[in-house]
Structures are given as structure tokens and as C-alpha cells.
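# Breakdown of the fold
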Amino acid sequence: MLSQEQNDRLTRVGPGTPCGELMRRYWIPIRPYAQLLENPVQKVRILGEDLVLYKDNSGNLGLIGDRCLHRNVDLQYGIPDDCGLRCPYHGWLFNETGKCVERPMEGAPQAEIKQKLKGYPVRELGGLVFAYMGPLPAPDLPRWDLFVWPNAMRQIGITELDCNWLQCQENTGDPAHSAWAHGYLFEYAISRQKGFDHHSADQLHTLHQRKKVGVGIKELYAEQSEYGFRKGIRYSKALGADEDKDQEHSAVVFPFYTQTGRSGAPRSEYQIRVPIDDTHTYHICYQCYAAPEGVEVPKQDVVPYYVPPQYDAEGNAILDYVLAQDAIVWVAQGPIADRTTELLGRTDIPIVVLRRQLDEQITRVEQGLAPMNTFEKSPDMLHPTAGKPDSFHKHAFRKFYHKGFANDDADRYGPLIEEVKDLHRRIEEFQLKAQAGTGEARAPEHA
Ligand code: FES
Ligand SMILES: [Fe+2]
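Quick caveat, the model's predicted, so the values are computed rather than measured.

Moving on, we come to the sheet that holds strand β10 (residues 122-125). Spatially, β1-β11-β10 is the arrangement adopted by the 3 strands of the open sheet, whose pairing is antiparallel. Only two strands of the sheet have a single partner each, and these edge strands are β1 (27-32) and β10. On average, each strand axis in the sheet is tilted by 35 degrees relative to the strand beside it, whichever way the strands run. Looking at chain direction, β1 and strand β11 (residues 128-132) are connected through 5 bridges and run antiparallel. Residue pairing across strands places Trp27 opposite Tyr132, the latter belonging to β11.

Judged by nonpolar contacts, the single largest core of 61 residues is most densely connected at Ile30, Trp144, Phe147, Tyr257, Ile272 and Ile284. Among the domains, domain 1 (28-104 + 113-132) and domain 2 (145-438) are the pair contributing at least three residues each to this core. Among residues more than four places away in sequence, those in contact with Ile284 are Pro29, Leu128, Ile156, Gly157, Ile158, Tyr270, Gln271, Ile272 and Val274. Membership of the second largest hydrophobic core comes to 15 residues, among which are Val295, Ile417, Leu423 and Ile427.

Here the focus is the pattern of salt bridges. Evaluation of the coordinates by the stated rule reveals 34 salt bridges. Its salt-bridge partner being Arg45, residue Asp277 comes within 2.9 Å of it at the nearest N-O pair. Placement of the pair is Asp277 in strand β18 (residues 268-277) and Arg45 in strand β2 (residues 41-46), with a sequence separation of 232 residues. On the basis of relative accessible area, Arg45 is assigned to the partly exposed category, the value being 32%. Shared partners join several salt bridges into a network, and the residues in it are Lys43, Asp66, Arg67 and Asp74.

Time to look at unusual backbone geometry. Cis geometry is found at the peptide bond from Leu136 to Pro137, where omega equals 0 degrees. Considering the arrangement of structural elements, one finds Pro137 in the loop between β11 and α4 (145-148). The residue after Phe254, namely Pro255, is reached through a cis peptide bond having omega 5 degrees. Structurally, the position occupied by Pro255 is in the loop between β16 (251-253) and β17 (257-260). Positioned with a positive phi, Asn72 is a non-glycine residue whose angle comes to about 65 degrees. The topology assignment puts Asn72 in the loop between β4 (61-65) and β5 (79-81).

Moving on: the coordination of the iron ion (ligand 2). Of the protein atoms, only His177 (NE2), His182 (NE2), Asp326 (OD) and Asp326 (OD) coordinate the iron ion (ligand 2), at distances of 2.1 to 2.5 Å. Here the iron ion (ligand 2) is ringed by 4 donor atoms whose angles at the metal span 56 to 147 degrees, and the overall shape comes out irregular. Each donor residue of the iron ion (ligand 2) belongs to the same chain, with the gaps between them written as H-x4-H-x143-D. Residue His177 is located in helix α6 (residues 177-191), and its partner Asp326 is located in helix α8 (residues 322-331); the two are separated by 149 residues in the primary sequence.

Next up on the list: the domain arrangement of the protein chain. The domain architecture assigned to the protein chain consists of domain 1 (28-104 + 113-132) and domain 2 (145-438). Look at where the C-alpha atoms of domain 1 and domain 2 centre, and you get two points 33 Å apart. The partner domain 2 presents 18 residues to the 18 residues of domain 1 that form the contact. For the pairing of domain 1 and domain 2, the buried interface totals around 1,500 Å² over both sides, and the portion due to carbon and sulfur atoms is 70%. If you look at where domain 1 meets domain 2, you find 1 salt bridge. The interface formed by domain 1 and domain 2 holds 7 residue pairs in polar contact (both at pLDDT 80 or more) in total. Residue contributions to the side of domain 1 that touches domain 2 peak at 5 residues, all from β1. Each residue belonging to the side of domain 1 that touches domain 2 can be placed in one class, and the counts come to 11 nonpolar, 4 polar and 3 charged.

As a further point, take the packing of α6 against α8. Contact pair α6 / α8: the axes reach a minimum separation of 10 Å and the direction vectors enclose 110 degrees. As far as their axial angle goes, α8 and α6 are roughly perpendicular. Considering only the axes of α6 and α8, their crossing is right-handed. Here His177, Ala181, His182, Leu185 and Phe186 of α6 come into contact with α8, specifically with Val322, Gln325 and Asp326. Of the residues that constitute the contact of α6 with α8, the class distribution is 4 nonpolar, 3 polar and 1 charged.

So, about the sheet that holds β5. The 4 strands lie next to each other as β5-β6-β7-β8, forming an open sheet whose pairing is antiparallel. Looking at the sheet topology across the chains shown, the edges are occupied by β5 and β8 (100-102). Relative to β8, strand β7 (residues 93-94) is paired through 2 bridges, and the arrangement is antiparallel. Within β8, the position partnered with Leu93 by the bridge is Glu102.

This paragraph deals with the side chain of Thr172. In this fold, Thr172 is placed in helix α5 (residues 165-172). Relative accessible area serves as the criterion here: at 3%, Thr172 is assigned to the buried category.

Attention now goes to the environment of Gly232. Mapped onto the secondary structure, Gly232 falls in strand β14 (residues 228-235). Note on Gly232: relative accessible area 0%, which makes it buried. When neighbours within four sequence positions are excluded, Gly232 is seen to be in contact with Pro175, Glu219, Leu220, Tyr221, Gln247, Glu248 and His249.

Looking now at the confidence of the model for the protein chain. Any segment with low pLDDT has predicted coordinates that should not be analysed in fine detail. With 94% of its residues at a pLDDT of 70 or more, the protein chain has an overall mean of 92. Confidence drops under pLDDT 50 across residues 441-447; counting only partners more than four residues distant or on other chains, this segment forms 14 contacts.

Moving on, we get to the environment of Val352. Summarising the element assignment, Val352 is placed in helix α9 (residues 349-366). The partly exposed category is assigned to Val352, whose relative accessible area is 34%. Taking the C-alpha atoms as reference points, Val352 and Pro150, 202 residues apart in sequence, are found 36 Å from one another.

About the thresholds
- Residues numbered from 1 in each chain as written.
- Chains lettered and ligands numbered in written order.
- Predicted model: local features only at pLDDT ≥ 70, side-chain atom pairs only at ≥ 80, totals over all residues.
- Heavy atoms only, no water.
- Pairing = 2+ DSSP bridges.
- Helix = DSSP H or I, 4+ residues; strand = E, 2+ residues; numbered from the N terminus.
- Axes fitted to C-alpha atoms, helices over the stretch in contact; angles between N-to-C directions.
- Core = buried A, V, L, I, M, F, W, Y, C linked by side-chain atoms within 4.5 Å.
- Buried < 20%, exposed > 50% of the residue type's maximum accessible area, 1.4 Å probe, protein only.
- Domains from an automatic or database assignment.
- Contact = heavy atoms within 4.5 Å.
- Salt bridge = Lys/Arg side-chain N within 4 Å of Asp/Glu carboxyl O.
- Donors = N, O, S within 2.8 Å, 3.2 Å for Na, K, Ca; no water.
- Tetrahedral: all angles 85-135°; square planar, octahedral: opposite > 155°, others 65-115°.
- Buried area = accessible area lost by both parts, 1.4 Å probe.
- Polar contact = N/O pair within 3.5 Å; in protein donor to acceptor, adjacent residues only side chain to side chain.
- Nonpolar A, V, L, I, M, F, W, Y, C, P; charged D, E, K, R; others polar.
- Parallel < 35°, antiparallel > 145°, perpendicular 65-115°, else oblique.
- Left-handed = near helix turned anticlockwise from the far one by under 90°.
- pLDDT = per-residue confidence, 0-100.

Written as C-alpha cells, this is what we have:
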């Protein structure tokens, strides 16, 4: 349980708030670059600030305040110029720093105007546009590995959620939810679908593997790591688990990333919880499908994006894929989860670690120090899952999208899904051939 003051400290992201000041020390992914190819001017709301993202005719990106200095026209209707964005009303031209550099009908000479719009640095990496909204100089843009991994293809799923970012991120510190939200809820959801036949739900279906997560739990563990924290479940055979073991879960990357699947796996993903404002989150599923050397991955000119649907034609929540199950429970905690009335249990140990880490990093910023995961010079590739024990790689069903498992994830709505299934099929063939060549025993398919 938190006090109201603590809850506000960890959740609110507007300018001048403790968490908002922390967030402004990071490069924040704000849009898929592919959206700018469809429409070079995009309205963006991030950390409670209303802005306009544009790509001008020279290909430069800008992120500036959304209201023209002249008479407040919303610049989402602006016209990209050779170097900047023009207001659609009287053509005032703004550059990427937010400075007005031309007022076409005001005659000459023109005195320089002192007022400026906001103007934030913007960069592209791995098909995402990142913005930096904090004090200058900006740190280097971190090259987290899925953004730059070789021999891989990618797609980006975007979901806007009516809730505060922290309840999405706390989900990452909650390995136990998998048994219910992705097991029993999944089963219940598909049992209500028309024409459902219980016998047709293959025992290898994702939901059955998820239900096992809840069997034989001894305790949860969590500890801070180089880039965030690691956590998992300790199982006991005496309590009903298959064996005594520690099962590591997805990596948590500070401040708002989580990674499912090992980097370089046939399917891995960053989920990124970008605060739009205090009560809305821009949720990005950055999906990466990598192949071993020897398996060719189709080349991509542009990383495509998609919007997985949350509701069906009758307005009912769609609950038969993993992200939708997460999303419904995050939103169901309320616009900002009331942590003054919660009752934490033994399975919430990682959540406590997550909150403590967030509070510590907010304090660092308050003390004038750089928070974690800000880099003067990023390495060529940063590996959030480096050094993780093997148990992290257990979700093997995500390398078998060609065998039906693609249906259980948001990926099924993505424009790449058929190519991904084909890639998974070719990776499996390649690995079987390699195993046959070495005489190695074939691993069980759905281990
Ligand atoms: S309102 Fe923008 S130029 Fe006049
Ligand atoms: Fe989940």
C-alpha cells in the first residue's frame, strides 16, 4: 500500500512533477516512423504536453509546440516546408527548435520575435521515432538490441490505453498474473466464443502452459540488475511443481520497457509503456523476429505498424490474445490505480522492488544526478537480457507461429504475420537439419 503522496510521486508525469522530471531524462519512443510516411504531420501528446511531430521536405524531423504563435492555430494541420513546418492559416514558418523563421506577409525587414514554440530533439532508430524532452545536452539514444539486431524483421503494434503508465509497467513485475490472465481468463474467453469445442483446445495451447505458471509456487524473487531488474518464480516439487526450479520471467528495463523472449530468438518483443499523460498510455509492442545465420530474413525498407483491435463489432472486449488480456486488467485498475487501498500479497514482491527502484531514480534526478540507463555514448548494442539464466527462454511456443501459436498473440494482426510464420517454419527446418547433421537428439517440439 502507498500513501496518496507516494502514489502521485510515482505516477504523475506532467512538467515539474517528480516522475515527469525523471521521464524527461530519457529518449521516448513516440510514433512508428512509418506513420510519417503516410502523413508527415502528426499530433502527439506525450508526458501531458501537446505537440506536433513532422517530417519536412528535406526529411528532417521536428517535434514542436502545437499552437501557432500568431493566432493559435493547431499545427497538426500544418504544411511541411523545405526546412520546417508552416502554419496553414498565414504561413508562418517554424523550424525544429520551435523558432519562427518566416512570416510571409508581414513585409520586410522583420524584427526577430522573441517568443518560441517548444522544440524537442527527435531521432529515428529501428523504425521508431524517439523524442527527448529534458534538459540539454541530451544523452545518447540507447541502442537497445532489438532495435538494431541483425538478420531480423520487425513490426510495431500500437495500443492507446485509458490508464496510467505505471499499472502497465507494474504488470512486468508480476510474473504470477500469467496463470490467471493468460491461462484461466484465456480459457474462459475462448469458451464463450461461438462454436467453441473444448476438445479442440489443444493441450499445447498457450493457455495450458500459462496455467502451469500457478502450480507449485514456493515464492517469488526479484533483484535489481544492470538495466532494470530480474525476477521470477521459485517452484517446489513438494507443492506440486514438476521439479524444484527457478523460472526467470521477462526482463524489466528501466524506466518503461519490458522484454519477452531472448534477444535473437525467432520472436522477441519490447513492450514500451509511454505516458501520454497521467491517465493515458501509448503502448508499443516492438516485435522482432530474428533468424540464425544461414536462414534468410526478408529485407524491410520500412518497419510496418498496426493497431491490434481491443473491441469487436458489438463493442465487446476481445480477450483471446495475450496483450488484450493484459490491457483489460490494466485499464480495469482505474485511470490511476488507487494504491492507497490495495492489499499486496506474497506474489507482489517484484512489484515492491519495481516501485523502490522507480522512487530511487526519481530521487537521483531530484539530487541533480543522472538516472540509470542514460548514456553519454551508447554502446553499438545494449543487451537487456545478457547473463539471464536459460529458464528465461522456456516460452518455446513463440518460435512455432507456423504451428498455430501466432493466434495467441497480438502479432496475429500484424502486416508481417504470414512472413513470420514462413520464417519460423524455415528456422525449424534449418535447426532440424543441423541437429540431424550432428546426430543430436531432437528436442521435444513444445518444450
Ligand atoms: S495563425 Fe498561424 S500564421 Fe496565422
Ligand atoms: Fe501479461
